[in-house]
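The residues making up each chain are set out below.
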Amino acid sequence: MIISNSMETLVAGSGVIRKLFEEGLQMAEEFGKENVYDFSLGNPASPVPEAVTKAIADVLKENPDSYVHGYMKNAGFDETRKAVADHLNKSFGMGYSAEDIIMTVGAAGAMNCVFRAVLNPGDEVVVFAPFFGEYNSYASNYGGKLVVIPAKTDDFDLNLEKLEENISVNTKCIIVNNPNNPSGRIYPKETIERLGEIIKKAENRIGHPIYVLCDEPYRELAYDGVEVPYIPSIIENSIYIYSYSKTLSLPGERIGYLALSKKAEGYDKLIGALVVANRCLGYVNAPSLFQLVIGRCQDVGVDLEFYDKNRKLLYEKLTDLGFEVIKPEGAFYLLVKSPFEDESRFVELGKKQHIIMVSTKTFGCPGYVRIAYCVDYDMIKRSLPAFERLAKDSREVLP
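Residues numbered from 1 in each chain as written. Predicted model: local features only at pLDDT ≥ 70, side-chain atom pairs only at ≥ 80, totals over all residues. Heavy atoms only, no water.

(A) Just the sheet that holds strand β5 (residues 171-177), in detail. Ordered in space as β2-β8-β7-β6-β5-β3-β4, the 7 strands form an open sheet in which the pairing is mixed. Here the strands that pair on one side only, and so sit at the sheet edges, are β2 (101-104) and β4 (145-149). Shown here is a sheet whose adjacent strand axes are inclined to one another by a mean of 20°, direction ignored. Inspection of the sheet shows β5 paired to strand β6 (residues 211-215) by 5 bridges, in the parallel sense. Looking across to β6, one finds that Asn177 is bridged to Asp215. (Pairing = 2+ DSSP bridges. Helix = DSSP H or I, 4+ residues; strand = E, 2+ residues; numbered from the N terminus. Axes fitted to C-alpha atoms, helices over the stretch in contact; angles between N-to-C directions.)

Structure (structure tokens):
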């Protein structure tokens, strides 16, 4: 064997979204970029805020290269960690200090640090469908097993009715992605409070803490005044995970952080393990320049209107065409119910109209497709006739 057995499995099932993205690039070469409507990747088209661009220039101008581009503590620059802690405290009434914050290589890096720190082979990580498919890869890196709670497709809230029976002595973590990718659902405070009650009861039963991983790269993308509850203020055994990829349109810079409250059980051991994990996984530290940049940009907000315009246009048009669409409360994805039992038929039919959509089978929620509307508004307008043709083709194909 040239590669490991675990990688054989991952290679065989990985990269569905990336493959669609590459297929879209090939289509663009063949038919012209303006005639291809790629909704596959959550790659923000919203411009990087001017304040971020200015911060980059200021950091480079005001500091020596050896500081900007050099090593620092594995947990990150002290001033950045303090800025993050102060921002969280001001926003959510928390009591974080700089030592509770670890700067990471995006949210994915943070999650891998957590799993490296807490998982033993055979330990379980509970996720609620629909969920980001890479969670499975991250957990399996450390011998963890993903336990999937089926989607509650009537309203796409957390399926708490099925949670307790799926918690065992091997359960170490529960992931909550809020707002959710791909449904756009925002889980309300009442749901999070009930989640906390179930977890506390389960912890007493199994005899050890269960950590809630709050995966929130879309936190600021909340529409119509809907509030995103701050889970660590409700559930003490929480690890908050954040990325600037979506809010500041910086996905390629790989900058994020994790925050652990001192109220979390086992804090002293856990915070030390998380810092070491950040190093021993090979990251060593989060990108130095962008640590310093985001330290100056804690109050820079997302251009919500950019995404809300796209959301409203697509939702209204697809609904008018007869598609069953889940109206998103947050993030920048639309879930559309496939007219066919096998949603891959719908994906393929879309490709004939140069529309690239993603099956949600890998999100644990077959029967739907995901449309990422973090794209240029003009592209959405150009795509509308293609969606009209797709609606017509779907009706003609159906028995």
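The discussion continues.
(B) How the structure looks around the pattern of salt bridges. Tallied over the entire structure, the rule returns 24 salt bridges. One salt bridge connects Asp123 with Lys172, and the closest N-O pair in it is separated by 2.8 Å. Here Lys172 lies in strand β5 and Asp123 lies in the loop between α6 (106-118) and β3 (124-128), a separation of 49 residues in the sequence. A single burial state applies to Asp123 and to Lys172, both of which are buried. Residues Glu343 and Lys361 are paired through a salt bridge, measuring 3.9 Å at the closest nitrogen-oxygen approach. (Salt bridge = Lys/Arg side-chain N within 4 Å of Asp/Glu carboxyl O. Buried < 20%, exposed > 50% of the residue type's maximum accessible area, 1.4 Å probe, protein only.)

(C) Quick look at helix α3 (residues 50-62). Here α3 contains 13 residues, and its C-alpha end-to-end distance of 18 Å stays within 8% of the 18 Å for a straight helix at 1.5 Å per residue. Looking at the buried residues of α3, the elements they touch are α4 (65-68) and α10 (288-295). (Expected span 1.5 Å × (residues − 1). Contact = heavy atoms within 4.5 Å.)

(D) A look at the environment of Gly266. Mapped onto the elements of the fold, Gly266 is located in the loop between β8 (256-260) and α9 (267-280). Judged by its relative accessible area of 40%, Gly266 is partly exposed. Sequence spacing of Gly266 and Ser344 is 78 residues, and the spatial spacing of their C-alpha atoms is 45 Å.

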